[in-house]
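If you want the building blocks of each chain, they are given just below.
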Amino acid sequence: MRPIRWLHISDIHMRVSKVWSQDIVLKAMCDVIATQRNEDATPDFVLATGDLAFSGNGKEYKLVERLFGAVSAASGVPKDKIFCIPGNQ
């Protein structure tokens, strides 16, 4: 029996006006996740907690959706195993 592994991402505050700088940081995060996956550290699920969007508008949640696609691809965790526990946004 192997241990349960999870990836925890919190308070990402996606914001349309900060897409360029967010992309740099989030790409680096996904690169690290992919490296860990290649080292046989694939998580069983992802927890995304706290504020996912900066102000809660639809365009920001589209950015969140795009991020979840990148995290899914990098980690090997299907999107239906990404669980959100939202903050106030």
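Before going into details, it helps to say that this report is about the structure given with it. (Residues numbered from 1 in each chain as written. Predicted model: local features only at pLDDT ≥ 70, side-chain atom pairs only at ≥ 80, totals over all residues. Heavy atoms only, no water.)

## Quick word on the packing of aromatic side chains
One pass over the structure, following the stated rule, counts two aromatic pairs. Between Trp6 and Phe45, the ring centres sit 6.3 Å apart and the planes meet at 15°, which makes this aromatic pair stacked. In this pair, Trp6 is assigned in strand β1 (residues 6–10) and Phe45 in strand β2 (residues 45–50), connecting sequence segments 39 residues apart. On the basis of an interplanar angle of 70° and a centroid distance of 6.2 Å, the ring pair of Phe45 and Phe83 is categorised as edge-to-face. (Phe/Tyr/Trp six-rings, centres within 6.5 Å; stacked < 30°, edge-to-face > 60°. Helix = DSSP H or I, 4+ residues; strand = E, 2+ residues; numbered from the N terminus.)

## Section: the pairing of strand β3 (residues 82–86)
Here β2 runs beside β3; their pairing, made up of five bridges, is parallel. Counted as the bridge partner of Thr49 is Ile85 from β3. Chirality of the crossover, the property in question, places the unit of β2, helix α2 (residues 58–75) and β3 among those that are right-handed. (Pairing = 2+ DSSP bridges. Right-handed = clockwise from strand over helix to strand, strands pointing away.)

## Considering the pairing of β2
With five bridges joining them, β1 and β2 adopt parallel strand pairing. Counterpart to His8 in the pairing with β2 is Leu47. Tracing the backbone out of β1, into helix α1 (residues 19–38) and back to the parallel element β2 gives a crossover that is right-handed.

Without other data, these values stay purely geometric and don't point to any function.
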